Structures are given as structure tokens and as C-alpha cells.
Amino acid sequence: MARVRISDVAAAAGVSVTTVSLVLNDVESRISQDTRERVRAAAAAVGYEPSALARGLRQQRTKTVGLISDQIATTPFAGRMLAGAQDVARANDHLVFLVDTGSDAAVEDAAIRALTAQQVDALIYAAMWHRIVPAGVNLPADTVLLDCRPAEGVTGFPSVVPDDRAGGAAATRELVAAGHSRIAYIDTDEDPGRPIAADLRLEGYREVLRDAGIAVEDDLHVHGETSHRGGRDAAERLLDLPPERRPTAIFCFNDRMATGAYTAIHARGLRIPEDISIIGYDDQQFIAAEQDPPLTTIALPHYEMGRWAMEVALGIREGGVDAVHQMECPVIRRDSVGPPPAQVAKPNRRRTSQHTERSRSATPDR
């Protein structure tokens, strides 16, 4: 079907194309009210839809936002980040153009240039992991950074990230409060691509141990791939320690690594949490709550961060240029944390109250 043009409206109303343009764009002029009504009626009759792009260019607004990500569009557990951004955009009559670059620098640069050429009203640059944006990324001024922060010395970008140091501290504090003093941390590999989130969670872990008067022991800090296999292999190394040096609790960098730790522990005929407690990180959908027993974990505020970034991008919220806004990562209590084995037979009031709290707070929606 041929597109209805403004000239078709002019012919139907018996007026000039200029008159139609003035009426449909609500431009102040000496056109009579009768003529205005005739033009609008003609536009409705012929099914004319004004060009949103042309109208946006005249108003210097296109009602679009560009969102560039490295991998989050293809990462299921980060979908809520996109949902948060899109909910705000939809409520404010904006359309989101999403580009997933697959961490390819050339694709990323082309996407930034293309979205800028399309004159999007705002640009959001998002990451799958809390990380540093390299100084070489050519972002337009005032781009909002989502789940990432600018490199040292780079200015002009508001950003929102999870408070990973506080999250690592909360995870460790949960285990200390349950009575554990031999607490291991299964960390990511030490490679050039290591996310800042890993170091921040490690800092929180060490800080809580020191504050509790617990020695920070090198053999309880192990590394692995951020996967089920990586968590399994790292947990096996911990379980191979002499009995007196084995951990009674393990804090895992993410939920996938925690599932690997589950596998290693069950393969040894051990029980969770009776023999060893586990806490993860992410509250990954379809993983954490489905373990046996359900996994206590730290929730990443993906949805809230997505909303914050879009609100700042659209000028609804003041983000503060160069400010890094950190969001709380709450504990989601389920059934994988209990007292150390030596205390299992003893009455434990905290265990009872914790179970009640789990029942109230354990939900996929955080």
C-alpha cells in the first residue's frame, strides 16, 4: 500500500500543502478554525500519519534512546536491567534502540556513530559485569554508564553500579553471623579481563573477616572460571585441604560457581548446609532458587539500575556528571547457610529466625 502523503491531505481538504503542515504541527498562524478542522478531518479520512522522525528533527527530539551493551542483551540474568530501562522509556513515550556488540570494539564504535547519526535523544552504555570503561571508547558527552564506570581521569559521564564491596561484605557477614570462622572465597581467574566486581567483593570479604578478628588465610582464597566447572574445580581444591584447614563455609563470586561447589560437595557425600554452608552472588533467575537446597545469595539490583540509567538519560532524575551512584545488593536468604558442623546439634535460635526470614524474602523478584 502506498504511503499517504501530506499532498493527499491538501488535495482532500482543498488547501495548500503549507496550510496542512501549519495545521498539523500546531504552528501559530492566521488560518481559520473552520479550515483547521477541515484539514484535520481530511487527514483522518485519508489515514495520514505524520513522520515521527521529521517532527522530531523540527523539535530537536526524536523520542528515541540508544542503548549499547557488550553482552547483556544475550545474557538471560541481566534481562531485568533492560526491563528497567524500557519501562521508564515506555512510560515517557520513548523507544529504545538496543545494540549488543558482543564485546567487539569495531562493532561498538560503529554502533555509537550510527546511533549518534540517528540523533537519539540520549545514549546509555551498559556492561554485563561491573567494570571500567576503557579510556579509548569514543562516547558522546553525557552518555549514561550502566553497570560500569569511567576510567581514571575520564570525565563527563554519570554512572550507576552495584555496591559490590558492600555486597561482598554482606555475604561474608552472613556466614560470620551463622558462627563460621573458616570461610573460603571462590574468586574469578586472575587475568587481564578480571572485572572490578571481583576485586571489590574480595575487599568486602577480607574487611569483614578482619573486623571479626578472623585471620585472612591465603589457602582459603581460590580462583576459577566464572562457570559451573570453575566453581566445582575450585571447591574440590578446598575440600582437598587437610580436615583441620577445610572451610566450613564458602562464598562464591557468582551463582554459577556456587552450583559447581554444590556438585563437588555432594560428590564427597557432604550435605549443605549441615556439613558446609554456601552463599552465592547475583540471585540468577532459574538457578539460585532451584538448587537443592535453595541457594542463599546476594541480589544484583539489575532492574533498579536500568531504571536509574534511563531516568538520568531522559532528565527525569539528576545523575550528577562524574558521580558514580552505587546501589545496594541485598542478601536473599534461602536454605544453604547454617551453623558450622560442630554447632549443628546445639539449639540455635538464629537458625530458626533465619528460616522465617528466608520464607518471607526468598523470591525471584527480589
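Being a predicted model, the structure only gives us computed values, none of them experimental.

A.B. asks: Quick one: what's the story with the nonpolar core, residue by residue and with numbers?
C.D. replies: Counting 46 residues, the largest nonpolar core has Ile186 and Ile278 as the members making the most contacts within it. Going through the elements one at a time, strand E3 (122-133), helix H7 (164-177), strand E6 (183-188), helix H8 (196-211), helix H9 (228-239), strand E8 (249-252), helix H10 (255-267) and strand E9 (277-279) are the ones with two or more residues in this core. When residues of this core are assigned to their parent elements, the largest contribution, 6 residues, is made by H10. The residues contacting Ile278, other than those within four sequence positions of it, are Ile250, Cys252, Ala258, Ala261, Tyr262, Ile265, Ile272, Leu295, Thr296, Ser336 and Val337. Val65, Ala85, Leu314 and Met327 belong to the second largest nonpolar core, which has 22 residues in total.

A.B. asks: Give a description of the pattern of salt bridges that names residues and reports values.
C.D. replies: One side chain can pair with another of opposite charge once the charged atoms of both are near each other. One pass over the structure, following the stated rule, counts 19 salt bridges. Residues Arg232 and Asp233 are paired through a salt bridge, measuring 3.2 Å at the closest nitrogen-oxygen approach. You can call Arg232 partly exposed: its relative accessible area is 27%. Of the residues examined, Asp233 reaches a relative accessible area of 27% and is grouped as partly exposed. One salt bridge connects Arg271 with Asp275, and the closest N-O pair in it is separated by 3.3 Å. Here Arg271 falls in the partly exposed class, since its relative accessible area comes to 48%. A single salt-bridge network, built from bridges that share partners, covers Arg182, Glu217, Asp219 and Arg245.

A.B. asks: Describe the sheet that holds strand E5 (residues 159-162), listing the residues and the values that go with them.
C.D. replies: Read from one edge to the other, the open sheet built from 6 strands follows the order E2-E1-E3-E4-E5-E11, with strand pairing classed as parallel. Since the sheet does not close on itself, it has two edges, and those belong to strand E2 (95-100) and strand E11 (324-327), each with one partner. Averaged over all pairs of adjacent strands, the angle between their axes in this sheet comes to 40 degrees, without regard to strand direction. Two elements, strand E1 (residues 64-69) and E3, share 5 bridges in a ladder whose sense is parallel. Looking at E3, one finds that Leu67 is bridged to Ile124. On top of the sheet, helix H5 (residues 79-91) reaches E1, E2, E3 and strand E4 (144-150); it is set at about 155 degrees to E2, its chief contact.

A.B. asks: Which residues make up the packing of helix H1 (residues 6-13) against helix H3 (residues 33-46), and what are the values?
C.D. replies: If you want to describe how two helices pack, look at the angle between their axes and the distance between the axes. Remark: H1 packs on H3, axes separated minimally by 8 Å, with the N-to-C direction vectors making an angle of 120 degrees. Classified by the angle between their axes, H1 and H3 sit oblique to one another. Between H1 and H3 the crossing geometry is right-handed. Listed contacts from H3 to Val9, Ala12 and Ala13 of H1 are Arg38, Val39, Ala42, Ala43 and Val46. Along the lines of polarity and charge, the residues of the contact of H1 with H3 split into 7 nonpolar, no polar and 1 charged.

Reading the values: rules and limits
- Residues numbered from 1 in each chain as written.
- Predicted model: local features only at pLDDT ≥ 70, side-chain atom pairs only at ≥ 80, totals over all residues.
- Heavy atoms only, no water.
- Core = buried A, V, L, I, M, F, W, Y, C linked by side-chain atoms within 4.5 Å.
- Buried < 20%, exposed > 50% of the residue type's maximum accessible area, 1.4 Å probe, protein only.
- Helix = DSSP H or I, 4+ residues; strand = E, 2+ residues; numbered from the N terminus.
- Contact = heavy atoms within 4.5 Å.
- Salt bridge = Lys/Arg side-chain N within 4 Å of Asp/Glu carboxyl O.
- Pairing = 2+ DSSP bridges.
- Axes fitted to C-alpha atoms, helices over the stretch in contact; angles between N-to-C directions.
- Parallel < 35°, antiparallel > 145°, perpendicular 65-115°, else oblique.
- Left-handed = near helix turned anticlockwise from the far one by under 90°.
- Nonpolar A, V, L, I, M, F, W, Y, C, P; charged D, E, K, R; others polar.

These values are about where atoms sit, not about what they do.
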